[in-house]
Amino acid sequence: MSATTTASGGRGRGGRERILAAAARLFAVQGINATGMEQVAEAAPVSKRTLYAHFRTKDDLVIAHLRDLASSGATLESVLTREDIPPRERILGLFDQSAPEAAPVRGCPFIDAAAEFPDPDSAVHSYAREQKLRMVELVTALVTELGCREPAALAEQLVTLADGAASRAMVLGEADYGRHARAAAETLLAHALTA
């Protein structure tokens, strides 16, 4: 096979998808700042010219990676938009994070990105903030649907628990750490529904 047409994902068509897949693997293992653009190009594999044709800057690549994660359903927040699950179970689903046996526990990619791009005016940090605000909006809608009193305050409490659990899971390397926060969330919901 030629270098421009390989069935196994080598050089040729699909460069953007290969770049995003390589970036996702490298960012998950090494972190965003520790991963260089040259490394992404090599892992894709694409030329640096192809990489920069798709993503002019590393910020562009990181935002595309985060958008890809958000649209793929591979983030903590994705359970909140599932129509096949009742509202209460969607909220509690925030605490059911899991990771494959051999994979590192990464927590929330938006929190990770915001931590690696601490300038609140940076494009990456701004995108991460938008996603975290969207998470609060989704939870607010769900607790409102459940008939909870003070839905905005309750939503903030629940997302704080979820983000905290995701961060602790990553730091401690325990994918099921969310079980502790889930118990607290169940108590908050029970109290809000009976009050």
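We now turn to the structure provided with this report. Given the structure is predicted, the values throughout are model-derived calculations rather than measurements.

1. What to know about the pattern of salt bridges
Then step 1. What the rule picks out here adds up to 10 salt bridges.
Then step 2. A salt bridge links arginine 182 to glutamate 89; the shortest N-O distance between them is 3.7 Å. Here glutamate 89 lies in helix 5 (residues 87-92) and arginine 182 lies in helix 9 (residues 178-194), a separation of 93 residues in the sequence.
Then step 3. In this structure, glutamate 150 and arginine 149 form a salt bridge, with 3.5 Å as the shortest nitrogen-oxygen distance.
Then step 4. Sharing partners across several salt bridges, the network here consists of Arg88, Glu89, Asp96, Arg182 and Glu186.

2. Structural notes on the nonpolar core
Then step 1. By size, the foremost hydrophobic cluster in this structure holds 58 residues, and its most contacted members are Leu61 and Leu94.
Then step 2. Elements supplying a minimum of two residues to this core: helix 1 (15-30), helix 2 (37-43), helix 4 (58-72), helix 5, helix 6 (109-116), helix 7 (123-146), helix 8 (151-172) and helix 9.
Then step 3. Looking at this core element by element, the count peaks at 9 residues for helix 7.
Then step 4. Look past the residues within four positions of leucine 94 in its chain and what remains in contact with it is Leu76, Glu77, Val79, Leu80, Met135, Val139 and Ala162.

3. Things to note about helix 1
Then step 1. The terminal C-alpha atoms of helix 1 lie 22 Å apart, and with 16 residues this matches the ideal 22 Å at 1.5 Å per residue to within 8%.
Then step 2. For helix 1, the set of buried residues is Gly15, Arg18, Ile19, Leu20, Ala22, Ala23, Leu26 and Phe27.
Then step 3. Structurally, helix 1 contributes buried residues whose contacts are with helix 2, helix 3 (48-54) and helix 4.
Then step 4. The positive-phi residue at the C-terminal boundary of helix 1 is glycine 31, with phi of around 95°.

Criteria and thresholds
- Residues numbered from 1 in each chain as written.
- Predicted model: local features only at pLDDT ≥ 70, side-chain atom pairs only at ≥ 80, totals over all residues.
- Heavy atoms only, no water.
- Salt bridge = Lys/Arg side-chain N within 4 Å of Asp/Glu carboxyl O.
- Helix = DSSP H or I, 4+ residues; strand = E, 2+ residues; numbered from the N terminus.
- Core = buried A, V, L, I, M, F, W, Y, C linked by side-chain atoms within 4.5 Å.
- Buried < 20%, exposed > 50% of the residue type's maximum accessible area, 1.4 Å probe, protein only.
- Contact = heavy atoms within 4.5 Å.
- Expected span 1.5 Å × (residues − 1).

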